[in-house]
Every structure is written in structure tokens, then in C-alpha cells.
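Examination of the molecular architecture
Single-letter residue listing:
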Amino acid sequence: MPAMPDLINDRYKVGEVIGRGGMATVHLGEDTRLGRRVAIKVLRPELAADDTFHERFQREAQAVASLNHHTIVSIYDTGEIKPQGPDGVTRPYIVMEYVPGQTLRELIHGKGIEPEQAIEYMFGILDALSFSHRAGIVHRDIKPANVKVTPDGGVKVMDFGIARAVEDTQAALTQSQAVLGTAQYLSPEQARGAAVDARSDLYSAACVLFEMLTGRAPFVGESSVAIAAQHVRDAPPAPSALNPQLPKSVDRFMEKALAKDRDHRYSDAAQMRRALRTVLVELPDDLEATQAMDPTQTAGTSTKTLPAVGAGAAAGAVVAAGRSETAEQPVQAHHEAEAYELDPDENTEDVPAGRRPGHGSRARRRAATAGSSPRC
């Protein structure tokens, strides 16, 4: 891999690597003009020569630059790093805000997350999705590794690398019905290679909440392909079956949020938020943090196979193309080509981001019980 220059655009000092993803490497940096720390995301050199990846990378910057919201990572600048030698390639970069903290993935696999706090984090995710959906942008890859929790308890959604405008149906990246996402959080329509909309993001967000509440994703398996197939054909286990502390109201919420038919899910982030607020009020006060489960010990958890309505195309599309994984498994599914490709590096963390004040869970529950509704 070619060495990074010490200074980009005569402005940004480049520091150590703080994250790696399927498309890019993220460096800690310093904006010498404004005197602030930043995160610099640079497209990997092996991908930089591909026009499609250039378009994806630029799409991320364009998508997020238009989203000015406290729960979404901000884009400060973009540019290109010129090749250092005759065999080098031009590598685009994005300068983003940097805020320290941990991803939800790190928290889940660390000390775990209390159910009450999990719902608080979910409110932040839904705030971000509500804003982006109103702007016509679907994230398409909501997962724990793409949600940052700041030291003060705020939430920031990051990595819109595969986001696109809802109305942009002629984009080169979607002409082959390519579907990008991560297996454990992939909506059924993404797994089938169908068009996505805001409700696809809400399904993925529900998968994230499921994992925060139970310690595992709704579906687990030996490969990304197997997990994606379960999203299409199987009903997930009830959260209370995995975490008996949870009330039945959580089961009812998840049944709707994880419906296979998007018409049966919550219609938008605001409606989902209102339903979740009711769940929050009904949580017992003495719930403990849920520890992450070993997927190999939960793979046999009972799930109900649904009638194969509309799943025929998906069955043809779900063809193994690689290795088995039990961690976060990324999927690139090409419905027309009937193949899944695994992204070997997506289960590493990406760029830190964002700041949002904490909410105070118990205070919120008292307010909700008294009839005071937090904003949507």
C-alpha cells in the first residue's frame, strides 16, 4: 500500500490509522487552518482505479454533505491525493468531523447495554433516519459498527458510503440491482435484490435494537448467505425468549418492526419512535445490561419458517460465494448474477463521529408516564 503523505492539500496533517472499512482507511488528522481534529477517510488504492468505487465514494460525500443534523456525521471537505509515483493512482478523500467515543458494536461486545439505554440510543438512530429520509436519502447499511456513542452519551450515525437518493433510480451503482449491506442487518427486500426505501432502514435499525436488547442479532448462521436467506424466509425469535427480563411489549414491537413485508412495518421513523416510547415506559426499572452472546451457541435458537411467498427469486439469488463467518458479515448481493460476495474487512470499525447530549433515561420515562412526549 502506498504511503500516505504527511500533509494533504497543504492543510490537513495526516496521523495514525483509526479505522478500516471495506472501501477506505480512516486516519486521525488535523485541520491546520482551523486548528481542529478531523477524521480523513481515503479510498483504498486497490479500489481507486475502479470508476464504480470512485462514484460510491463521491456519493457518500455528496449524500452526507447535504445532511446537517446533530445525529449525523458532518462532512467538511473532499479532494484527491495525487499519485506519488508513475504506477500510483489518484485517491479521493473525505474530511469528516472527529469525536471520540465507542461504536454500538464495541459496547455490545464489551460490558453490554442496559435495555433502557438501548432504547435511548435507538431514539438517536431514528432521529438521524427521520432527517435523512425527509431529505430523500436511504442509508442502506445501518448496523452497530456504523453508530457512534460519544462520551456524553450522544448518538451519531456514520458511514453513508452506500447511501443514495431515493429518486435516483438511474444511478450506475444500481443498474445491475446490486445490493449492499451487512448480513445480520439486511432487510428482506435487500436480500432479494429489490428496491429499498426508508422502511428498509427501519428494519435494519430494528435488528440493531434487537441485538442491543438480547446480545445477538435476530438471525445467526455459519455464513452471510445463510443469514441473508433467513431474513427472507424465517421469523426471528421473540426477544423475551433470549432475554427473559424483557416484557412482551418488546416482542410486539419487534414483530411489527421486523415484518417481512415492508407494508406491515412502521411507516416511518416518527411512527416507530412513538411505538418505542411506549415500550420504554413499560420496561421494568431493574433490568440489567445484556451481554453479547456467542453466535455459535445461539445458532440453534428456534425460528419459524414462513411460507415461501415471494421468496423464489431470493432462493435463487442466495448462492454461497466465499468463506464462513460468525461475526458481522457484509454482503454484496447481485440479484441478476445470483451471487453473494463477502467484504473481508467490513467487520472492522470505521470513522468516529458526532456529538449529541444524553437524554437521561429515567427522566424521560417519568416524563412519558406523565404524558409529556419527547419530540420526534
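Tallying secondary structure elements over the protein gives 13 helices and 16 strands in all. Within the protein, the proportion of its 376 residues that are buried is 56%. Taking as baseline every contact in the protein between residues at least 6 positions apart, the subset at least 24 positions apart corresponds to 69%. When the accessible surface of the protein is split by element, carbon and sulfur atoms take 48% of a total near 15600 Å².

Next up on the list: the sheet that holds strand S7 (residues 102-103). Two modes of strand pairing occur in sheets, parallel and antiparallel, and in both the strands are linked by backbone hydrogen bonds. Taking strand neighbours across the sheet as the criterion, the three strands line up as S7-S9-S10 in an open arrangement whose pairing is antiparallel. Looking along the sheet, the strands with just one partner apiece sit at the ends: S7 and strand S10 (155-157). Of the strand pairs in this sheet, S7 and strand S9 (residues 147-149) are connected by two bridges, and their pairing is antiparallel. Bridge pairing in S9 places threonine 103 opposite lysine 148.

So, about unusual backbone geometry. The residue asparagine 9 is not glycine, and still its phi comes out positive at about 55°. We note that arginine 140 has phi near 80°; this positive angle belongs to a residue other than glycine. By secondary structure assignment, the location of arginine 140 is in the loop between strand S8 (137-138) and S9.

Here we take up the packing of helix H4 (residues 115-134) against helix H10 (residues 269-282). One way to put it is that H4 packs onto H10 with a least axis distance of 10 Å and a crossing angle of 170°. Judged by the inter-axis angle, H4 sits roughly antiparallel to H10. When you trace H4 past H10, the crossing you get is left-handed. Contacts between H4 and H10 pair Glu116, Ile119, Glu120, Met122, Phe123, Leu126, Asp127 and Ser130 from the former with Ala269, Met272, Arg273, Leu276, Arg277, Val279 and Leu280 from the latter. Looking at the contact of H4 with H10 residue by residue, the classes come out as nine nonpolar, one polar and five charged.

For the rest of this paragraph, the subject is helix H9 (residues 248-257). For H9, the full list of buried residues reads Ser249, Val250, Asp251, Phe253, Met254 and Ala257. In this structure, the buried side of H9 is in contact with helix H6 (198-214), helix H8 (239-242) and H10.

Of the residues in the protein, 72% have a pLDDT of 70 or more, and the chain-wide mean is 78. Between residues 169-179, whose pLDDT stays under 50, and residues either more than four places distant or in other chains, the model counts 27 contacts.

Next up on the list: the nonpolar core. Ranked by internal contacts, the top residues of the largest apolar core, which has 66 residues, are Leu104 and Leu209. The dominant element in this core, judged by the number of residues it contributes, is H6, at 10 residues. Setting aside its immediate chain neighbours within four residues, leucine 209 contacts Ala118, Ile119, Met122, Phe253, Met254 and Leu276. Ile8, Tyr12, Val14 and Val95 belong to the second-largest nonpolar core, a separate cluster that totals 10 residues.

Tracing the backbone shows valine 138 in strand S8. Note: C-alpha distance between valine 138 and aspartate 197 (59 residues apart in sequence) is 6.4 Å.

Rules behind the numbers
Residues numbered from 1 in each chain as written. Predicted model: local features only at pLDDT ≥ 70, side-chain atom pairs only at ≥ 80, totals over all residues. Heavy atoms only, no water. Helix = DSSP H or I, 4+ residues; strand = E, 2+ residues; numbered from the N terminus. Buried < 20%, exposed > 50% of the residue type's maximum accessible area, 1.4 Å probe, protein only. Contact = heavy atoms within 4.5 Å. Areas by Shrake-Rupley, 256 points an atom, 1.4 Å probe, with all protein chains shown as cover. Pairing = 2+ DSSP bridges. Axes fitted to C-alpha atoms, helices over the stretch in contact; angles between N-to-C directions. Parallel < 35°, antiparallel > 145°, perpendicular 65-115°, else oblique. Left-handed = near helix turned anticlockwise from the far one by under 90°. Nonpolar A, V, L, I, M, F, W, Y, C, P; charged D, E, K, R; others polar. pLDDT = per-residue confidence, 0-100. Core = buried A, V, L, I, M, F, W, Y, C linked by side-chain atoms within 4.5 Å.

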